[in-house]
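Analysis of the macromolecular model
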Amino acid sequence: MTDDRKPILAPSLLAFDHADLGTAAAEVESEGREWLHVDVMDGHFVPNLTFGPQTVMDLRSKCGLFLDVHLMLANPSSHAEAFVKAGANLVSAHVETGVSIGETLAAIRKLDCQAGIALNPDTPAEEVRSYLGEVDLVLVMTVEPGFGGQSFRKDMVEKINVLHRWREIGRHDFRLEVDGGVNFDNAKLCREAGADVFVAGTAYRKLDVDGRAAFARGLGSS
Ligand code: DX5
Ligand code: ZN
């Protein structure tokens, strides 16, 4: 693992106007960000509903952002390919969805897309350990998935650090992403613990353009 991997601030589409997603993506891109986090929820794995492959396809045609698609689906294996074909750059699926997760990750990578594995706050880091050599990103949820605007769980910082240390010990090459309640202050703690991708919805949206730039700069990101 490289310590020189550039940190990324990834605004979350969830926090923007869902009736005007193209404008949201254009704003994120024009303000200098490189990634856009896209939360896909099915009403089963999580109680909320959001976006589908068509949303990703339309975003793809409107922006050059790296589309970081977070599948909160009970059955990611049935849908991952559709998101890849729609133009996602990275697709993450949750380890809690069961034994077929390894096949899902392999299927995503076979389509020349990056693959990530996500874990909920109450899922121990050990649950993803056997997949660390097969992923491009590990997504650590720092709130219960499903809704934006929740408070960051500080007890997740240790989990981030454990995964970072395993990355170093195993000489793995995945990115380590934090998602949920991330703001300028706790993002710094996550950075110190080893995270290098910072998803921010509510906190990001509340800032003006200068505040967003300062948030990114503070992390060493664009
Ligand atoms: C929550 C989602 C997050 C969400 C974060 O289930 O996975 O990506 O957009 O939003 P904030 O930053 O408001 O917690
Ligand atoms: Zn997310």
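Anyway, here's the lowdown on the structure attached to this text. Just so you know, these numbers come straight off a predicted model, no measurement behind them.

**A short note on the site of ligand 1**
Around ligand 1 sit 20 residues, and of these Ser12, Asp39, Gly146, Asp179 and Thr202 come closest. Within the side chain of histidine 37, one N or O atom sits 3.4 Å away from an oxygen atom of ligand 1. Within the backbone of glycine 181, an N or O atom sits 2.7 Å from an oxygen atom of ligand 1. With the chains in place, 99% of the 380 Å² that ligand 1 exposes on its own is no longer accessible. Taken atom by atom, the bulk of ligand 1 overlaps the largest pocket. If you tally residues by element for the shell around ligand 1, the top one is strand β2 (residues 35-41), at 3 residues.

**Focus on the coordination of the zinc ion (ligand 2)**
Within the first shell, the zinc ion (ligand 2) binds the protein through His37 (NE2), Asp39 (OD), His70 (ND1) and Asp179 (OD), at distances of 2.0 to 2.3 Å. Coordination at the zinc ion (ligand 2) is octahedral: its 6 donor atoms span angles of 68 to 170 degrees at the metal. Every donor residue of the zinc ion (ligand 2) comes from the same chain, spaced as H-x1-D-x30-H-x108-D. Note that histidine 37 is positioned in strand β2 and histidine 70 in strand β3 (residues 66-72), a separation of 33 residues in sequence. Accessibility classification places histidine 37 together with histidine 70 in one group, the buried group.

**Some thoughts on the packing of aromatic side chains**
Here a ring pair, both rings aromatic, is described through the centre-centre distance and the interplanar angle of the planes. Evaluated as defined, the whole model comprises 2 aromatic pairs. Relative to phenylalanine 66, the ring of tryptophan 35 lies with its centre 4.1 Å away and its plane at 20 degrees, an arrangement referred to as stacked. Note that tryptophan 35 is positioned in strand β2 and phenylalanine 66 in strand β3, a separation of 31 residues in sequence. The pair formed by tryptophan 35 and phenylalanine 66 is uniform in burial state, with each residue classed as buried. Residue placement shows arginine 129 over the ring face of tryptophan 166; its charged tip is 4.1 Å from the ring centre.

**Details of the packing of helix α6 (residues 157-169) against helix α7 (residues 184-193)**
Put simply, α6 and α7 touch, their axes get as near as 8 Å, and they point 30 degrees apart. Between α6 and α7, the angle is such that the two are roughly parallel. As α6 runs across α7, the sense of the crossing is right-handed. Packed against α6, whose contacting residues are Val157, Ile160, Asn161 and His164, the element α7 presents Leu189, Cys190 and Ala193 at the interface. When grouped by side-chain class, the residues that make up the contact of α6 with α7 number 5 nonpolar, 2 polar and no charged.

Thresholds applied
- Counting of residues starts from 1 at the beginning of each chain's written sequence and follows it residue by residue.
- Each chain takes a letter, starting from A, and each ligand takes a number, starting from 1, following the order in which they are written.
- Where local features are concerned, this predicted model is filtered to residues with pLDDT of at least 70; where side-chain atom pairs are given and counted, the filter is 80 or more; whole-chain, interface and lining totals use all residues.
- To get the side-chain values, all heavy atoms of the structure are used, and hydrogens and water are removed first.
- The near set for a molecule or strand comprises every residue that places at least one heavy atom within 4 Å of it.
- Residues adjacent in sequence count toward polar contacts only when both atoms are side-chain atoms; beyond that, a polar contact is any pair of N or O atoms within 3.5 Å, and within protein one must be able to donate a hydrogen and the other to accept it.
- Computed by Shrake-Rupley with a 1.4 Å probe, the accessible areas treat only the displayed protein chains as cover when residues are assessed.
- Buriedness for pockets is judged along seven lines, at least five of which must meet protein on both sides within 12 Å for an open set on the 1 Å grid over protein atoms alone, while cavities are sets there where a 1.4 Å probe fits but cannot get out, and lining residues have an atom within 4 Å of a point.
- Pocket occupancy is defined atom-wise: a molecule lies in a cavity or pocket when more than half of its atoms are within 2 Å of its grid points.
- Going along the chain from the N terminus, every DSSP run of H or I of four or more residues is numbered as a helix, and every run of E of two or more is numbered as a strand.
- With water excluded from the atoms, a metal site may look incomplete; its donors are any N, O or S atoms within 2.8 Å, or within 3.2 Å for Na, K and Ca.
- Here a site with four donors is tetrahedral if all angles are between 85 and 135 degrees, and a site with four or six donors is square planar or octahedral if opposite donors are over 155 degrees apart and the other angles are between 65 and 115; anything else gets the irregular label.
- With a 1.4 Å probe rolled over the protein chains alone, any residue whose accessible area is under 20% of its type maximum counts as buried; one over 50% counts as exposed, and the rest are partly exposed.
- Aromatic rings from Phe, Tyr and Trp, with only the six-membered ring used for Trp, were paired whenever their centres fell within 6.5 Å, and each pair was classed as stacked if the ring planes differed by under 30 degrees, edge-to-face if by over 60, and tilted otherwise.
- Cation placement over rings: the criterion is NZ of Lys or CZ of Arg within 6 Å of the ring centroid and within 35° of the ring normal.
- Simply put, an axis is a line fit to the C-alpha atoms, just over the touching stretch for a helix, and the angle between two N-to-C directions goes from 0 to 180 degrees.
- For classification, angles of less than 35 degrees are called roughly parallel, those exceeding 145 degrees roughly antiparallel, those between 65 and 115 degrees roughly perpendicular, and all remaining angles oblique.
- Here is the rule for handedness: rotate from the far helix to the near one, and if that takes an anticlockwise turn smaller than a right angle the crossing is left-handed, while a clockwise turn gives right-handed.
- We call two residues in contact whenever any of their non-hydrogen atoms come within 4.5 Å of each other.
- Three classes are used: nonpolar for Ala, Val, Leu, Ile, Met, Phe, Trp, Tyr, Cys and Pro, charged for Asp, Glu, Lys and Arg, and polar for all others, with Gly counted as polar.

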